[in-house]
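# Survey of secondary and tertiary structure
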Amino acid sequence: MRKEDRLMDLLGRLDDSFLVDLDDEVSTVLKEKRKKTVGEAIWFQGASLAAAAVLTLIIARTSLLPEVNVPPFDSTLPILHMDYERLFAGGWGYEGLMGKNIEEIHYDAPWESGDFDTLPVFQNAMGSKSETYTMEEKLLRMKKALLSAGERVGVVIQEEEILVEWIQEDYPIVSYESEEHTISVNPDLSARVGFKTPYIVPEELRSKEEPFIEQDSSMVYPTLKENLRLSEYFAETYGDLVMMNHPEMAVEGGDRNIYGKRYYHVFFYEGSVDPKEKFLNYFFRRIYFNAMDMEELSSIGVFQTDLSEKAGEYPIISEREARDLLVKGNYVTSVPETFPGRKYIRRVELVYRTGYDEEFFMPYYRILVEVPALKYEGMNTFGAYYVPAVRAEYLSGLPTYDGSFN
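In this report, we go over the structure that sits alongside the text.

### Focus on the environment of Met142
- Position of Met142 among the secondary structure elements: in helix H5 (residues 135-152).
- According to the relative accessible area criterion, Met142 is buried, its value standing at 1%.
- Taking C-alpha positions, Met142 is 6.6 Å from Pro187, a pair spaced 45 residues apart along the chain.
- Every residue in contact with Met142, bar those within four places of it in the chain, is listed here: Met126, Pro172, Ile173, Val174, Val185, Asn186, Pro187 and Leu189.

If you want it as structure tokens, here you go:
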């Protein structure tokens, strides 16, 4: 058998699992090649070199994928009983990000595929469904967070100055107001410190972008460079508000609205020499500077989640396993379209869902998928499809897509 024939015969024996992580165009070409017999193939000069190059690419790509090593079952870890339908139900719209390409969407979490074999899971002790604390105990923790927020601006809050407002029967907000500040804390312990006299942003740091008129209102969309420069200024000038030992700056957003305008969320989180602690801080220890139209600093947002109730350190699946589960339909999503196929996967992110209604703070793979049916005005929509990162043997069950939209 000729060298060229041996190469093409080997390509013909490849299973799809070897091709899924190749670029879409390369994968499609290879699969089409396998449909033809050697006798039907039209050979051209350099075919053997092309086949050899493809084989090299396959070997290189597959060798870079981390091996799947399933750890022995740890019977000391409690099984996590998940109500996926409740967690992903309700709300307006769906989780989709618009952009010309996936590179426009920012994900700055300090993580690369294969970094962690285990990650902690926490009970959401302050969550809407938690019975960890009584309502009285929750209020005490909220008041403590209010005092801590006051310290950031040099305010000592007395007990008799604290107000409690009940938005719903099980949703209180504690607050404080003075001539200079308004401070409030939500049940998830997120705090907002408002300045009644805003700090004026220096002229040279304001956005040079022209205001954009949308729905009878004027909006300014600063560039990423302008956002980063202003955030650095805030951290240097108002460092006492940050109250972090090793603050690190990060960016989320970058997606486009229906007018094609991009918006960024710049924040600071507590750094650490411990990679896992740093990863957790990215999601649970944040501060935002809120500057209206980049002209004045009107408030700061502080996120200090209660992680006191640790369920355990759980083994997690690999990125490759998460992709396979997505293809099998083991996912949950609010996107009003069925998963369109593996070739539309554009990025895999490891995240913690941090919402008030979460029963557990546990890691998920958030897989951003280009959804052809949701293309809008020349922009792609990247829908978020979630696969639990905790290994299935520690879950009461994996989510299964049933044709409805959560």
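Alright, that's what it looks like, and here's the rest.
### Comments concerning the pattern of salt bridges
- Counted under the stated rule, the structure contains 17 salt bridges.
- A salt bridge links Glu313 to Lys310; the nearest nitrogen and oxygen atoms lie 3.1 Å apart.
- Ionic pairing is found between Arg391 and Glu321, a salt bridge with its closest N-O pair at 3.1 Å. Here Glu321 lies in helix H9 (residues 319-328) and Arg391 lies in the segment after strand E18 (380-388), a separation of 70 residues in the sequence. Across this residue pair, the class does not change: Arg391 and Glu321 are buried.

### Remarks on helix H6 (residues 224-237)
- With 14 residues, H6 ought to run about 20 Å at 1.5 Å a step, and its terminal C-alpha atoms sit 20 Å apart, in line with that.
- Those residues of H6 that fall on the buried side of the exposure criterion are Glu226, Asn227, Leu230, Ser231 and Phe234. Along the axis of H6, the buried residues cluster in a sector spanning 130°; they form a single face. H6 presents Lys225 and Glu236 as exposed residues on the side facing more than 90 degrees away from its buried surface.
- On the buried face of H6, the contacting elements are helix H7 (239-242), strand E9 (247-256), strand E10 (262-270), strand E11 (285-292) and strand E12 (296-304).

### Focus on the sheet that holds strand E2 (residues 118-123)
- Reading across from one edge, E13-E2-E16 is the order of the 3 strands in this open sheet, with antiparallel pairing throughout. The open sheet has two edge strands, strand E13 (310-315) and strand E16 (360-361), and neither has a second partner.
- Bridge count between E2 and E16: 2 bridges; the pairing is antiparallel. Residue pairing in the sheet places Phe122 in a bridge with Phe361 of E16.
- Of the strands in this sheet, E2, E13 and E16 are in contact with helix H8 (residues 275-284), which crosses E2 at around 40°.

### Looking at the layout of surface pockets
- The calculated volume of the largest pocket comes to roughly 830 Å³.
- Lining of the largest pocket is provided by 39 residues; of these, Glu252, Arg286, Tyr288, Thr354 and Arg366 occupy positions nearest its centre.
- Every element with two or more residues in the lining of the largest pocket is listed here: strand E1 (96-99), E9, E10, H8, E11, E12 and strand E15 (345-352).
- Residue composition of the lining of the largest pocket, by class: 16 nonpolar, 11 polar and 12 charged.

### What about the pairing of strand E17 (residues 363-370)?
- Summarising burial for E17: 8 of the 8 residues are buried, a large majority.
- Every second residue of E17 is oriented toward a common face, with Pro363, Tyr365, Ile367 and Val369 on one face and Tyr364, Arg366, Leu368 and Glu370 on the other, all of them buried.
- Bridging between E15 and E17 involves 7 bridges; their strand directions are antiparallel. Considered in E17, the bridge of Tyr352 is made with Pro363.
- Where E17 and E18 come together, 7 bridges link them in antiparallel fashion. By the bridge assignment for E18, Glu370 is matched with Phe382.

### Focus on the packing of aromatic side chains
- Under the definition given, this model contains 28 aromatic pairs.
- With centroids separated by 4.7 Å and ring planes inclined at 45°, the aromatic side chains of Tyr199 and Tyr238 adopt a geometry described as tilted. A residue pair is termed long-range when its members are at least 10 positions apart, and Tyr199 in strand E6 (residues 191-200) and Tyr238 in the loop between H6 and H7 qualify at 39 residues.
- In this structure Tyr238 comes out as buried when scored by relative accessible area, which is 15%.
- Centre to centre, the rings of Tyr314 and Tyr394 are 5.7 Å apart; their planes meet at 85°, and the pair counts as edge-to-face. Separated by 80 residues along the polypeptide, Tyr314 in strand E13 and Tyr394 in the segment after E18 bring together distant segments of the chain. The same class applies to Tyr314 and to Tyr394, which are both buried.
- One aromatic cluster in this structure is built from Phe116, Phe267, Tyr269, Phe279, Tyr282, Phe283, Phe284, Tyr288, Phe303, Tyr352 and Phe361.

About the thresholds
- Residues numbered from 1 in each chain as written.
- Predicted model: local features only at pLDDT ≥ 70, side-chain atom pairs only at ≥ 80, totals over all residues.
- Heavy atoms only, no water.
- Helix = DSSP H or I, 4+ residues; strand = E, 2+ residues; numbered from the N terminus.
- Buried < 20%, exposed > 50% of the residue type's maximum accessible area, 1.4 Å probe, protein only.
- Contact = heavy atoms within 4.5 Å.
- Salt bridge = Lys/Arg side-chain N within 4 Å of Asp/Glu carboxyl O.
- Expected span 1.5 Å × (residues − 1).
- Arc of directions from axis to C-beta.
- Pairing = 2+ DSSP bridges.
- Axes fitted to C-alpha atoms, helices over the stretch in contact; angles between N-to-C directions.
- 1 Å grid on protein atoms, 1.4 Å probe; cavity = no way out; pocket = protein on both sides within 12 Å on 5 of 7 lines; lining within 4 Å.
- Points joined across faces, edges and corners; volume = space filled by probe spheres on them.
- Nonpolar A, V, L, I, M, F, W, Y, C, P; charged D, E, K, R; others polar.
- Phe/Tyr/Trp six-rings, centres within 6.5 Å; stacked < 30°, edge-to-face > 60°.

Take it as geometry only, folks, not as evidence of what the structure does.
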